[in-house]
Amino acid sequence: MGSYRQKKVSVALEDPNRSENAPQNHEDRLKSESKYLFKWIAQTGMFVYMESGAIPGMLIRLKNRFGMDYFQLGLLGSVVYLSLSIGCPVFGWLFRHYNAKQVLGVALALNNITTLFFAMCPTGLPNLFIFLRAVIGFFQAALVVYTPVWIDEFAPKGSHATWMAWLQAATPFGIMFG
C-alpha cells in the first residue's frame, strides 16, 4: 500500500497541474481534445441548420407578414442550398490559402451576424429577407467544407466513419429541431 501512495505522490509532485485521470502522453491528450472538440463541431452543425427547419414551419406566416408570392416562397426555401453550393468551392479555396481557424471563425461569426439580421429583417422587405437567407447558406459552406477534413485529420484511428455519421446526422437533427 505504501509504494502505491509513493508513486501517486511522486507523479503529483512532478506535474502539479495534472490530475490522476489526465492523459499520460501527447497522443492520448490529442485524442481527448479531439473528442471534446468534435462534440462542439457536431453541435455547431446542428445549430447552424436549425433555421432550415424553422422556415418551412413558418411559410404561411412569412407569406402573410412579408406579402410574399409563391415564387418568393419557393426562392426562400431553395436559395440557401444554391448559395451553399456556390460557397463550397469558395471556402475550399480560402482554406487552402489562409489559416483554417481564422477562415472558419470569421465565417461562423458572419453567419451568426447574418442570422441576427435575418431575424430582425423588416417585414416590408421580402427580397432582403431572401437575400439574407442566401448569405446564411453561403457562410454555412465553411462548416460543410471544413468538418470532413478536420475529422479525417483528427478522429481517432477507427472512428472516422462513426464521427462522419454523427456529423451527417447533425444536419437533419438541426433541421428537425428548427
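It should be noted that the structure appears before, not after, this text.
Residues numbered from 1 in each chain as written. Predicted model: local features only at pLDDT ≥ 70, side-chain atom pairs only at ≥ 80, totals over all residues. Heavy atoms only, no water.

(A) Focus on the overall build of the protein chain. Within the protein chain, the regular secondary structure consists of eight helices and zero strands. Listing every helix and strand of the protein chain by position from the N terminus yields α-α-α-α-α-α-α-α. Considering only residue pairs separated by 6 or more positions, the protein chain has 73% of its internal contacts joining residues 24 or more positions apart. Accessible area for the protein chain stands at about 11,700 Å²; split by element, carbon and sulfur atoms hold 64% of it. (Helix = DSSP H or I, 4+ residues; strand = E, 2+ residues; numbered from the N terminus. Contact = heavy atoms within 4.5 Å. Areas by Shrake-Rupley, 256 points an atom, 1.4 Å probe, with all protein chains shown as cover.)

(B) Just the packing of helix α5 (residues 70-97) against helix α7 (residues 126-154), in detail. α7 packs onto α5 with a crossing angle of 35 degrees between their chain directions and a minimal axis gap of 6 Å. Crossing geometry of α5 relative to α7 is assigned as right-handed. A per-class count over the contact of α5 with α7 returns 20 nonpolar, eight polar and one charged. (Axes fitted to C-alpha atoms, helices over the stretch in contact; angles between N-to-C directions. Left-handed = near helix turned anticlockwise from the far one by under 90°. Nonpolar A, V, L, I, M, F, W, Y, C, P; charged D, E, K, R; others polar.)

(C) Representation of the environment of Arg133 in the model. Along the chain, Arg133 turns up in helix α7. When its relative accessible area of 1% is taken as the criterion, Arg133 is described as buried. C-alpha separation for the pair Arg133 and Leu76, spaced 57 residues apart in sequence, amounts to 7.0 Å. With sequence-adjacent residues up to four places away left out, Arg133 is seen in contact with Glu51, Ser52, Ile55, Leu76, Gly77, Val79, Val80, Ser83 and Phe118. (Buried < 20%, exposed > 50% of the residue type's maximum accessible area, 1.4 Å probe, protein only.)

(D) Main features of a nonpolar patch on the surface. There is a patch of nonpolar side chains on the surface, built from Val106, Leu110, Ile113 and Phe117 and spanning about 360 Å² of accessible area. Tracing the backbone through its elements, the reader meets Leu110 in helix α6 (residues 100-119). (Patch = residues over 30% accessible without salt bridge, like charges linked within 9 Å, V, L, I, M, F, W, Y side chains within 5 Å. Salt bridge = Lys/Arg side-chain N within 4 Å of Asp/Glu carboxyl O.)

(E) Molecular detail of the environment of Phe38. Among the structural elements, Phe38 can be located in helix α2 (residues 26-48). Given the relative accessible area of 7%, Phe38 is considered buried.

(F) Broad picture of the packing of aromatic side chains. Enumeration according to the criterion identifies eleven aromatic pairs in this entry. Taking 6.0 Å as the distance between ring centres and 65 degrees as the angle between the ring planes, the aromatic pair formed by Trp93 and Tyr98 counts as edge-to-face. Considering the side-chain rings of Phe118 and Phe129, the 4.2 Å spacing of their centres and the 10 degrees angle between planes classify their relative orientation as stacked. One end of the pair, Phe118, is in helix α6; the other, Phe129, is in helix α7, and eleven residues separate them in sequence. (Phe/Tyr/Trp six-rings, centres within 6.5 Å; stacked < 30°, edge-to-face > 60°.)

(G) Quick look at the side chain of Gln72. Mapped onto the fold, Gln72 is located in helix α5. Those residues in contact with Gln72, other than ones at most four positions away along the chain, are Gly67, Pro126, Asn127 and Ile130.

(H) Structural context of α5. For α5, built from 28 residues, the straight-helix expectation of 40 Å at 1.5 Å per residue is met to within 8% by its first-to-last C-alpha distance of 41 Å. Maximum bend of α5: about 40 degrees, positioned at Ser78. Taken as a whole, α5 has its buried residues at Gln72, Leu73, Leu76, Val79, Val80, Ser83, Leu84, Gly87, Phe91 and Phe95. On its buried side, α5 packs onto α3 (50-57), α4 (59-66), α6 and α7. For α5, the capping residue at the N-terminal end is Asp69, with a side-chain oxygen 3.1 Å from the backbone nitrogen of Phe71. (Expected span 1.5 Å × (residues − 1). Bend = angle between axes of the 7 residues up to and from the residue. Polar contact = N/O pair within 3.5 Å; in protein donor to acceptor, adjacent residues only side chain to side chain.)

Interpretation note: all reported values are geometric properties and have no functional meaning in isolation.
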